[in-house]
Amino acid sequence: MTKEDIARKYKEFLFPSVTTYYSEPLVTDHASMQYLWDADGKKYLDFFGGIVTISVGHTNPKVTSKIKAQVDKLQHASTVFPNEAIVSLAEKISQITPGQKLSKSYFTNSGTEANETAVQLARVHTGSFEIVALRHAYSGRSQLAQSITGQNTWRKSLPGGMGVVHALNPYCYRCPFGQKPTECGIECAKDVEAVIQTTTSGQIAAFMAEPIQGLGGFITPPPEYFKIVFKIVKDYGGLFISDEVQTGWGRTGKKWFGIEQWEVVPDMITAAKGLGNGVPIGATITTPEIAASFKGLQISTFGGNPVTCTAARAVIDVIEADNLRENASTVGAYFRQRLEELQDRHSLIGDVRGMGLM
């Protein structure tokens, strides 16, 4: 098919709500490591990575070779039959989570599912129902995930799930209190407690937040923020869920998970995107005690698929072997320095934010 055929059929046969960038969207054809080519053969340096998903390069042979071998060995099993691929991935994840306290994984197909699972588990474990999220957050496309999302653009198919409230987010550049970071006293963190006291029953199931808000605009909290919020959440009986769908797997530099940059050990981590390097996978990771709260039968037809688990384990191995966490810190620091030099020269640039290569 020509580029025009693909673009036309994309509109003709897919939901109109499936969004594309640009009035004439880039029609992708093939890719290799950091480069991507469109259907006309034009070559791009890929800064987007399929929505911050390509973590170790397009079609990286260190990953694709493992995928190809697994496809020929065992393509599908479901979670009712154990296999080496799923336990190998789960064991490795348990070894690299913050404090090595989060040692139980539940695998799904996406970040949306991972977040749904975390909320469901928090409600079962605590016996409470209400969830505190942040404005400008993005948590996925299901009904519940849209309810946790704090942007009207992504909440059009409401009514949403009950029991979700939103606190002000730590947006220092456009502070909702009109304060400067050095003078504000971290009022945004204190707002979490005010929201719990005024818009919930006073006993919450969980607080869920991205360490750096992705679709919100790479909004990065001040250093003190999550430590203050963590204590508040615990005071009101809740679990702390770190949404690492975009910040996980070394993207913020040096650490495996974004929340580690704030020196907080969460009760749960949700992950996806960069873990699979383009292969659909989600994970909800928690402690043995919290995981044991799930009663009754739990299965996943495609979550923990041997091919996706093999891919994810290969991605972790590449990040580790090639020291990509350190690389994200080093290259990200250089990139930030040069962006800040541009900011000094151009009043149009108001803020440079993010961390590592995020």
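Since this is a predicted model, take the numbers as computed values, not measurements.

Draft legend 1. The arrangement of the overall build of the protein chain in detail. Along its length, the protein chain carries 11 helices and 10 strands. In terms of overall dimensions, the protein chain is globule-like: its C-alpha atoms have a radius of gyration of 21 Å, near the 21 Å expected for 358 residues. Across its three principal directions, the C-alpha atoms of the protein chain cover 60 × 55 × 45 Å. When each of the 358 residues of the protein chain is scored for burial, the buried share is 46%. Across the protein chain, contacts joining residues at least 24 apart in sequence account for 70% of those joining residues at least 6 apart. Split by element, the accessible area of the protein chain, about 18300 Å² in all, is 55% carbon and sulfur. Each charge class in the protein chain can be summarised by its mean position, and for the 35 positive and 35 negative side chains these summaries are 1 Å apart.

Draft legend 2. Summary view of the environment of Asp38. Here Asp38 lies in strand 2 (residues 35-38). The exposure class assigned to Asp38 is buried, which follows from its relative accessible area of 8%. Distance in space between the C-alpha atoms of Asp38 and Leu26 is 6.5 Å, their sequence separation being 12 residues. Sequence-distant contacts of Asp38, that is, excluding residues within four places in its chain, are made with Leu26, Val27, Thr28, Asp29 and Tyr44. A distance of 2.9 Å separates a polar side-chain atom of Asp38 from the backbone nitrogen of Asp40. One polar contact links the side chain of Asp38 to the main-chain amide nitrogen of Lys42, over a distance of 2.8 Å.

Conventions we followed
- Residues numbered from 1 in each chain as written.
- Predicted model: local features only at pLDDT ≥ 70, side-chain atom pairs only at ≥ 80, totals over all residues.
- Heavy atoms only, no water.
- Helix = DSSP H or I, 4+ residues; strand = E, 2+ residues; numbered from the N terminus.
- Rg over C-alpha atoms; globule rule 2.2 N^0.38 Å.
- Buried < 20%, exposed > 50% of the residue type's maximum accessible area, 1.4 Å probe, protein only.
- Contact = heavy atoms within 4.5 Å.
- Areas by Shrake-Rupley, 256 points an atom, 1.4 Å probe, with all protein chains shown as cover.
- Lys, Arg positive; Asp, Glu negative; His and termini not counted.
- Charge placed at Lys NZ, Arg CZ, Asp CG, Glu CD.
- Polar contact = N/O pair within 3.5 Å; in protein donor to acceptor, adjacent residues only side chain to side chain.

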